[in-house]
Amino acid sequence: MDDTHRIGLTIKTLSHLLSRAMGKQLRDEQHSAATAVRSHILGYFAHHRVEEVQQAVLQQHLGIRRSTMTNILSGMESEGLVSRVEDTQDKRQKRVVLTDTAKNLCNEHLALVNAFEKKLELALTDEELSQFFAIAEKLKTTLETC
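Source: prediction; values computed, not measured.

Rules of the game
Position numbers for residues start from 1 in each chain and track the written sequence from start to end. Note on the predicted model: pLDDT of at least 70 is required for a residue's local features to be given, and 80 or more for side-chain atom pairs to be given and counted; whole-chain, interface and lining totals, by contrast, use all residues. Only hydrogens and water are removed before side-chain values are computed, so all heavy atoms of the structure are retained for them. The term nonpolar core refers to a set of buried residues drawn from Ala, Val, Leu, Ile, Met, Phe, Trp, Tyr and Cys, joined through side-chain atoms within 4.5 Å. Each residue gets one of three labels from its accessible area relative to the maximum for its type: buried under 20%, exposed over 50%, partly exposed in between, using a 1.4 Å probe on protein chains only. Here a helix means four or more residues in a row that DSSP labels H or I, a strand means two or more in a row labelled E, and each is numbered from the N terminus. For this analysis, residues touch if any pair of their heavy atoms sits within 4.5 Å. At least two bridges found by DSSP between two strands are what make those strands a pair. Think of a salt bridge as a Lys or Arg side-chain nitrogen and an Asp or Glu carboxyl oxygen that are within 4 Å of each other.

S.K.: Before we move on, can you summarise the nonpolar core with the specific residues and values?
M.R.: Formed by 18 residues in total, the largest nonpolar core has its most connected members in I41, F45, L58, L73, M76, V82 and L98. Elements with a minimum of two residues in this core: α2 (36-48), α4 (66-78), β3 (94-98) and α5 (100-121). When residues in this core are grouped by element, the largest group, five residues, is from α2. In contact with L73, not counting residues within four places along its chain, are I41, Q55, V82, R84 and V96. If you look at the next biggest cluster of nonpolar residues, it comprises five residues, including M22, L26, L112 and F116.

S.K.: Could you give me a rundown of the pairing of β3, with the residues and numbers involved?
M.R.: Of all five residues in β3, four are buried; the element is thus mostly enclosed. In terms of strand pairing, strand β1 (residues 52-54) meets β3 through three bridges, oriented antiparallel. Residue pairing in the sheet places Q54 in a bridge with R95 of β3.

S.K.: Could you give an account of the pattern of salt bridges, with specific residues and numbers?
M.R.: Overall, the coordinates contain seven salt bridges when judged by the stated rule. Here the residues in one salt-bridge network are E51, D100 and K103, joined through shared partners.

S.K.: Before we move on, could you go through unusual backbone geometry and cite the residues and values that matter?
M.R.: In the Ramachandran plot, R49 falls in the positive-phi region, its phi being about 50 degrees despite a non-glycine side chain. Relative to the assigned elements, R49 resides in the loop between α2 and β1. By relative accessible area, R49 is classed as exposed at 73%.

See the structure below:
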């Protein structure tokens with residue numbers, strides 16, 4: 001059996017575990033069927049204190065593909081959380097606008113995400129956190145140039 005550590009597999013496994021844990025927390029604490037990525041989208045709005053944003057900005061913030069972002073937002077639209085409208089300055093762009101329902105959820109989701117982040121941070125020392133973010137940034141830069 002090969003015991004070699006694999007960076008990609010480790011990141012993929014952590015990503016899966018993060019999504020699963022966040023989903024469980026959403027279901028348990030918020031009694032919500034929302035996914036972790038939807039929670040991050042709502043958290044983005046709450047953290048930046050905006051009610052609308054370009055779809056491309058959300059896509060870049062989450063580091064996901066345009067088609068994936070479109071699918072997620074379509075689901076959120078069907079749930080009455082967001083609407084998408086043409087950008088008045090650039091007709092090729094869409095703006096994502098929160099509904100009143102979503103506005104009420106934003107702060108709850110932000111608090112949940114912040115608590116989740118704090119739980120993860122407590123697993124590492126300050127030095128380990130600095131190293132983690134430095135390494136993650138190097139890997140991100142490498143992956144963006146592939």
